[in-house]
Amino acid sequence: MENLENLEDFKLDVLKEVGNIGSGNAATALSRLLNKPVDMGVPKVQMLPFEEIAEKVGGNEQLVVAIFFRVEGEAPGNLFFILQPHAAKSLLSRLANIPSDDEDSFNEMEHSALSEIGNILAGSYLSSLADFTRLSMYPTVPALALDMAGAILSYGLLQFGQMGDAALLIDTTFLEGQNQIEGQFFLIPDPESFGKIFRSLGVPMNDD
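The shown structure was predicted, so the numbers you read here are calculated from the model rather than taken from an experiment.

1. Observations regarding the overall build of the protein chain
Helix and strand content of the protein chain: six helices and eight strands. Traced from its N-terminal end to its C-terminal end, the protein chain shows the element sequence α-β-β-α-β-β-α-α-β-β-α-β-β-α. With 208 residues in all, the protein chain has 47% of them scored as buried. Sequence separation of at least 24 residues holds for 69% of the intrachain contacts in the protein chain that already meet a minimum separation of 6. Total accessible area on the protein chain stands at roughly 10,400 Å², and carbon and sulfur atoms take up 48% of it.

Laid out in structure tokens, this is it:
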């Protein structure tokens, strides 16, 4: 039992390191894109069951902004970057200098800016994971939606069939002075992909 617990701790340590490196790379890339310093807090990383994702963002009926990607390559899966609408508006106004008076909708410029920010985050985290595992992983073009969390997760299931039953959560925090803007990044590998990821790191899986 102790060995299993040590194994789980080791897996989480690896994933935390992926989150740290990915976050640093994302901050650098966003700084270049926006031509201003972007600071990101040390991400909190955890594994959780797929069915707890909606609960983490406020429940099935919570209105959220979600940027969705399909992960392609040797360890395919799904990615969601999820923000509360007010956090998305803060991110746009504070980081991208795109002010908005309408809290309930997002115009074309806002869609484009959020998609690009999500794209940079997804690329940074996936390239960090790919560097660790030496597996090819890359995101598709992002899709953005403003809807209830449950509906967005159901859409992902309908589009790509059964998702894996575990998700990697990376709590992402953007910092500007005393202000914090929080979002959540969920990587949901396909059923076989977690095994590939950990085996590539030399970590035996429980069923090996």
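2. Digging into the pairing of strand 4 (residues 77-83)
In terms of burial, strand 4 is a largely internal element, seven of the seven residues being buried. Of the two faces of strand 4, the one lined by Gly77, Leu79, Phe81 and Leu83 and the one lined by Asn78, Phe80 and Ile82 are each fully buried. Between strand 3 (residues 63-73) and the antiparallel strand that follows it, strand 4, lie three residues.

3. So, a negative patch on the surface
Residues Glu51, Glu52, Glu55 and Asp165 make up a contiguous surface patch of negative charge. Looking at the secondary structure, you find Asp165 in the loop between helix 5 (149-160) and strand 7 (166-176).

4. A look at the packing of helix 3 (residues 85-95) against helix 4 (residues 108-133)
The interhelical angle for the contact between helix 3 and helix 4, taken along N-to-C directions, is 90°, at an axis separation of 11 Å. Classified by the angle their axes make, helix 3 and helix 4 are roughly perpendicular. Two secondary-structure elements touch here, helix 3 through Ala88, Lys89, Leu91 and Leu92 and helix 4 through Glu110, Ala113, Leu114 and Ile117. Here the contact of helix 3 with helix 4 is built from residues that sort into six nonpolar, no polar and two charged.

5. Concerning unusual backbone geometry
Despite not being glycine, Asn97 has its phi angle at roughly 55°, a positive value. A residue is classified by how much of its surface remains accessible, and Asn97, at 57% relative accessible area, is exposed. One non-glycine residue, Arg134, lies in the positive phi region at around 60°. Along the chain, the position of Arg134 falls in the loop between helix 4 and strand 5 (137-139). We classify Arg134 as exposed; its relative accessible area is 72%.

6. Brief notes about empty space enclosed by the protein
Under the definition given, this model contains one cavity of 30 Å³ or more. Size it by volume and the largest cavity reaches roughly 50 Å³. Those elements giving two or more residues to the lining of the largest cavity turn out to be helix 4, strand 7 and strand 8 (179-189). The element that contributes the greatest number of residues to the lining of the largest cavity is helix 4, accounting for three residues. When its residues are assigned to classes, the lining of the largest cavity shows nine nonpolar, no polar and no charged.

7. Regarding the layout of surface pockets
The computed volume of the largest pocket comes to approximately 270 Å³. Contributing to the lining of the largest pocket are 20 residues, with Asp171, Thr172, Glu182, Gly183 and Gln184 lying nearest its centre. Elements with a minimum of two residues in the lining of the largest pocket: strand 4, helix 3, strand 7 and strand 8. Broken down by element, the residue count for the lining of the largest pocket peaks at five residues, all from strand 8. When grouped by side-chain class, the residues that make up the lining of the largest pocket number eight nonpolar, eight polar and four charged.

The rules we used
- Residues numbered from 1 in each chain as written.
- Predicted model: local features only at pLDDT ≥ 70, side-chain atom pairs only at ≥ 80, totals over all residues.
- Heavy atoms only, no water.
- Helix = DSSP H or I, 4+ residues; strand = E, 2+ residues; numbered from the N terminus.
- Buried < 20%, exposed > 50% of the residue type's maximum accessible area, 1.4 Å probe, protein only.
- Contact = heavy atoms within 4.5 Å.
- Areas by Shrake-Rupley, 256 points an atom, 1.4 Å probe, with all protein chains shown as cover.
- Pairing = 2+ DSSP bridges.
- Patch = residues over 30% accessible without salt bridge, like charges linked within 9 Å, V, L, I, M, F, W, Y side chains within 5 Å.
- Salt bridge = Lys/Arg side-chain N within 4 Å of Asp/Glu carboxyl O.
- Lys, Arg positive; Asp, Glu negative; His and termini not counted.
- Charge placed at Lys NZ, Arg CZ, Asp CG, Glu CD.
- Axes fitted to C-alpha atoms, helices over the stretch in contact; angles between N-to-C directions.
- Parallel < 35°, antiparallel > 145°, perpendicular 65-115°, else oblique.
- Nonpolar A, V, L, I, M, F, W, Y, C, P; charged D, E, K, R; others polar.
- 1 Å grid on protein atoms, 1.4 Å probe; cavity = no way out; pocket = protein on both sides within 12 Å on 5 of 7 lines; lining within 4 Å.
- Points joined across faces, edges and corners; volume = space filled by probe spheres on them.

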